[in-house]
Amino acid sequence: MDKSVNLIKLSVGSESVDTLIAWQATKRAQGPDGLPRHITRMWPKREAEILNGGSIYWVVKGTLQCRQRIIRLDEMIGEDGIRRCAIVLDPEVIRTQSSLKRPFQGWRYLPVSDAPPDLPKGRASEDPLPVELNRALAEIGVL
């Protein structure tokens, strides 16, 4: 199979990409191997496509802002005995061109063709635009 697909997810509680990175650096957000992971109730049906180069794109404060490569999907059994999926992530967070996203629950598939491009290396280290300006530019199609 040579197809790939991404996931898109709201980063609930994150105020910025930096707070997402800080959360993932905590022991609570990491698996036994020290890699960050996101626990979800649903197991993706398109697992093979996700593991064929897919990333998780994070929506922070209503704006898609960054992504992380998905390394693997691990099965976890919660304290309640329910099977869950741990999406194990590459610790490198790659900033992307911003785009507005409406709220949604859970995660969604994001086709590679619909994924925003990564920011050039030189721009990734720049201070981010203020949220209001970023949103206004995205609304008129500049970002």
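I will try to describe carefully the structure that is included in this document. From a predicted model like this one, the values you see are computed outputs, not experimental measurements. Along each chain, residues carry numbers from 1 onward, in the same order as the chain's sequence is written. Only residues with pLDDT of 70 or above have their local features reported here, since the model is predicted, and side-chain atom pairs are shown and tallied only from 80 upward, although totals for entire chains, interfaces and linings are computed over all residues. Side-chain figures throughout are based on the complete set of non-hydrogen atoms in the structure, without hydrogens or water.

Examining the nonpolar core
Definition of nonpolar core: a set of buried residues of the types Ala, Val, Leu, Ile, Met, Phe, Trp, Tyr and Cys, connected through side-chain atoms within 4.5 Å. Partly exposed residues are those whose accessible area sits between 20% and 50% of the maximum for their type, while under 20% is buried and over 50% is exposed, using a 1.4 Å probe and protein chains only. Grouped together as the largest cluster of nonpolar side chains are 16 residues, with contacts concentrated most on Leu7, Ile70 and Ile87. Counting only elements with at least two residues in this core, the list comes to strand S1 (5-10), helix H1 (17-24), strand S3 (55-60), strand S4 (63-77) and strand S5 (83-89). Residues count as neighbours in contact if any of their non-hydrogen atoms are within 4.5 Å of one another. Ile87 has contacts with Leu7, Pro36, Arg37, His38, Thr40, Ile70, Arg72 and Leu73, leaving out every residue within four places of it along the chain. Membership of the second largest hydrophobic core comes to eight residues, among which are Ile8, Tyr57, Val59 and Phe104. In DSSP terms, a helix is any run of H or I states spanning at least four residues, a strand is any run of E spanning at least two, and both are numbered starting from the N terminus.

A word on the pattern of salt bridges
By definition, a salt bridge exists where a carboxyl oxygen of Asp or Glu is found within 4 Å of a side-chain nitrogen of Lys or Arg. Across all of its chains, the model carries ten salt bridges by this definition. Two residues, Glu15 and Lys61, come together in a salt bridge whose shortest N-O distance is 3.4 Å. Of this pair, Glu15 sits in the loop between S1 and H1 while Lys61 is found in the loop between S3 and S4, placing the two residues 46 residues apart along the sequence. By relative accessible area, Glu15 is classed as exposed at 52%.

Thoughts on the pairing of S3
Within S3, six of the six residues are buried, leaving the element largely enclosed by the surrounding structure. Where burial is concerned, the two faces of S3 agree: the one with Ser55, Tyr57 and Val59 and the one with Ile56, Trp58 and Val60 are both buried. Two strands pair if DSSP finds at least two bridges between them. Across four bridges, the pairing between S1 and S3 is parallel. Paired with Lys9 across the bridge in S3 is Trp58. Bridging between S3 and S4 involves six bridges; their strand directions are antiparallel. In the sheet register, Ser55 faces S4, and the bridge partner there is Arg69. Adjacent in sequence and paired antiparallel, S3 and S4 are bridged by two residues, among which Lys61 carries a positive phi angle near 55°.

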